[in-house]
Amino acid sequence: MKPGPFVHHAPTTVDEAVAVLGEVGHDGKVLAGGQSLIPVLSMRLATPGHLVDINGVAGLDAVHVTDTAVRIGALVRHAGLEQHDEAATALPLLRQALRNVAHPAIRNRGTTVGSIAHADPAGEMPSVLVLTDGVLEAVGPGGRREIAATDFFLGPLETTLAEDELVEAVRFTRFAPATRTAFLESSRRHGDYALAGVAVAVDVADGVVVGARAGFVSVTPVPSVLDLTPVLGGWDAGAPVPDEVTDAVREFVDPEGDIHATADYRRMLAAELTRRALATATQPTPAADPASTTAHESVA
Ligand SMILES: Cc1cc2nc3c(=O)[nH]c(=O)nc-3n(C[C@H](O)[C@H](O)[C@H](O)COP(=O)(O)OP(=O)(O)OC[C@H]3O[C@@H](n4cnc5c(N)ncnc54)[C@H](O)[C@@H]3O)c2cc1C
């Protein structure tokens, strides 16, 4: 199918984009990489009268690494962030997760901010943003505001962003230098949306776990973080991951069954992937590439 008729707006500044969004209200949609929006329009699941195409807006394509965060603008493509060595060194979880987002062709066009604004529970980057206690920088006719990632997601494809607001950038908060991370997911084919996925962040001191958190993909309605410190605190990082961890994950996740997998299967996957991700993250010898602890796992 083809999209319904719309007016294409091509602002060149954030202020112009926001002015148009303010004028057209609920009849407008921001167009970034189009990798989610265009299929939605083509299937006529949405028929907005105005598309505010931000691809010509200057200054939105930068990645800034500071002592505390990796800040990425709304036009940074998944591939651009994935290939950004400074960002991968500052926050290896970014590259670990991005390698699992769709196929390279889609990563070349789709934006990381767009995937967060789209709020698909099967997206990898919303979960990573929440796991890092990240922040969204939004701008609307009333000015700028910051939204904590934990306050942003209301449900599948539903957020607290107002219809006349643009997400200008997001900030992934950096972990402490000693924090080890890993990202694992399982899907039918590499590049497909995950049946289940997990990002973990583990703090180890003197060989003992002192903190552990996990964020999930495709098994919770909104990205949310499970604090595993109560069950893993004091665990010898070289020892097998205790069963209490998988029990805690099974209890925490709330998957839906669909044509691809039953809810029970997704629950099992989430628990097993978490066990493996924790084992990967706490391997005594870090990989030479700090962002290399990623894998597309097949879980029997
Ligand atoms: C075949 C296929 C497989 C895919 N597999 C995966 C996958 O495995 N994992 C995954 O995470 N994603 C996957 N995607 C989606 C991809 O990552 C998209 O690029 C991403 O979800 C949206 O980014 P975009 O820049 O293309 O946004 P668009 O499609 O342009 O926009 C998506 C939505 O976000 C809104 N939006 C975008 N940018 C902003 C902004 N700055 N401010 C406010 N609202 C904004 C739009 O209005 C729209 O509602 C897949 C896509 C395809 C086509």
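The rules we used
Residues numbered from 1 in each chain as written. Predicted model: local features only at pLDDT ≥ 70, side-chain atom pairs only at ≥ 80, totals over all residues. Heavy atoms only, no water. Helix = DSSP H or I, 4+ residues; strand = E, 2+ residues; numbered from the N terminus. Rg over C-alpha atoms; globule rule 2.2 N^0.38 Å. Contact = heavy atoms within 4.5 Å. Lys, Arg positive; Asp, Glu negative; His and termini not counted. Charge placed at Lys NZ, Arg CZ, Asp CG, Glu CD. UniProt positions renumbered as here; feature names shortened; annotations may be inferred. Buried < 20%, exposed > 50% of the residue type's maximum accessible area, 1.4 Å probe, protein only. Pairing = 2+ DSSP bridges. Near = heavy atom within 4 Å. Polar contact = N/O pair within 3.5 Å; in protein donor to acceptor, adjacent residues only side chain to side chain. Areas by Shrake-Rupley, 256 points an atom, 1.4 Å probe, with all protein chains shown as cover. Nonpolar A, V, L, I, M, F, W, Y, C, P; charged D, E, K, R; others polar. Core = buried A, V, L, I, M, F, W, Y, C linked by side-chain atoms within 4.5 Å. Axes fitted to C-alpha atoms, helices over the stretch in contact; angles between N-to-C directions. Patch = residues over 30% accessible without salt bridge, like charges linked within 9 Å, V, L, I, M, F, W, Y side chains within 5 Å. Salt bridge = Lys/Arg side-chain N within 4 Å of Asp/Glu carboxyl O.

- The name given to the protein in an unreviewed UniProt entry is Xanthine dehydrogenase family protein subunit M, with Ornithinibacter aureus as the source organism.

1. Structural notes on the overall build of the protein
At step 1: For the protein, the helix and strand inventory stands at 12 helices and 15 strands.
At step 2: The C-alpha atoms of the protein give 19 Å as radius of gyration, which agrees with the globular expectation for 300 residues (19 Å, within 12%).
At step 3: Overall size of the protein, expressed as C-alpha extent along the three principal axes, is 60 × 45 × 30 Å.
At step 4: In the protein, 63% of the contacts between residues at least 6 apart in sequence involve partners at least 24 apart.
At step 5: Taken together, the 22 basic and 38 acidic charged side chains of the protein have centroids lying 6 Å from each other.

2. Notes on the UniProt feature "domain: FAD-binding PCMH-type" (unreviewed entry) in the protein
At step 1: The residues that UniProt annotates with the feature "domain: FAD-binding PCMH-type" (unreviewed entry) are residues 1-177.
At step 2: Segment residues 1-177 splits into 34% helix and 25% strand. End C-alpha atoms: 49 Å apart.

3. Describing the pairing of strand β6 (residues 135-140)
At step 1: When you tally the buried positions in β6, you get 6 out of 6 residues, the bulk of the element.
At step 2: Burial of β6 is two-sided: the residues V135, E137 and V139 facing one way and the residues L136, A138 and G140 facing the other way are all buried.
At step 3: Strand direction decides the pairing type here: β6 and strand β7 (residues 143-148), joined by 6 bridges, are antiparallel. Bridged to E137 within β7 is E146.
At step 4: Between β6 and β7, which follow one another and run antiparallel, lie 2 residues.
At step 5: As paired elements, β6 and strand β10 (residues 166-173) share 5 bridges and run antiparallel to each other.

4. A short note on the site of the ligand
At step 1: Residues in contact with the ligand amount to 29 residues; listed here are only the nearest, V30, G34, L37, T111 and E124.
At step 2: Contact distances for the ligand include 3.0 Å between an oxygen atom and a side-chain N or O atom of H78.
At step 3: With respect to the ligand, the side chain of Y193 contributes an N or O atom lying 2.9 Å from a nitrogen atom.
At step 4: Relative to its unbound accessible surface of 960 Å², the ligand loses 89% to contact with the protein.
At step 5: The set of elements that each furnish at least two residues to the shell around the ligand consists of β2 (28-31), α7 (112-118) and β10.
At step 6: Among the elements that line the shell around the ligand, the one with the most residues is α7, at 5 residues.
At step 7: Per-class residue counts for the shell around the ligand are 15 nonpolar, 11 polar and 3 charged.

5. A word on the nonpolar core
At step 1: In this structure, I54, I72, L94, I116, M125, V170 and F172 are the most contacted members of the largest nonpolar core, which totals 51 residues.
At step 2: When residues of this core are assigned to their parent elements, the largest contribution, 6 residues, is made by helix α1 (residues 14-24).
At step 3: I54 has contacts with A17, V30, L31, A32, L60, A74, L75 and L166, leaving out every residue within four places of it along the chain.
At step 4: Formed by 29 residues, the second largest nonpolar core is a distinct cluster that contains V219, A237, A270 and A277.

6. Some thoughts on the sheet that holds strand β1 (residues 7-9)
The strands that make up a sheet are held in pairs by hydrogen bonds between backbone atoms, and each pair lies either parallel or antiparallel.
At step 1: With respect to topology, 3 strands assemble into an open sheet ordered β1-β3-β2, the strand pairing being parallel. Two strands in the sheet have a free side with no partner beyond their single neighbour: β1 and β2. Each adjacent strand pair in this sheet contributes to an overall mean axis angle of 25 degrees, direction not counted.
At step 2: Bridge analysis of β2 against strand β3 (residues 50-53) gives 4 bridges, and the strand direction is parallel. Among the inter-strand pairings, V30 is bridged to a residue of β3, identified as V52.

7. Concerning a negative patch on the surface
At step 1: Taken together, the side chains of D243, E244, D247 and E251 define an acidic patch exposed on the protein surface.
At step 2: Inspection of the secondary structure puts E244 in helix α11 (residues 243-252).

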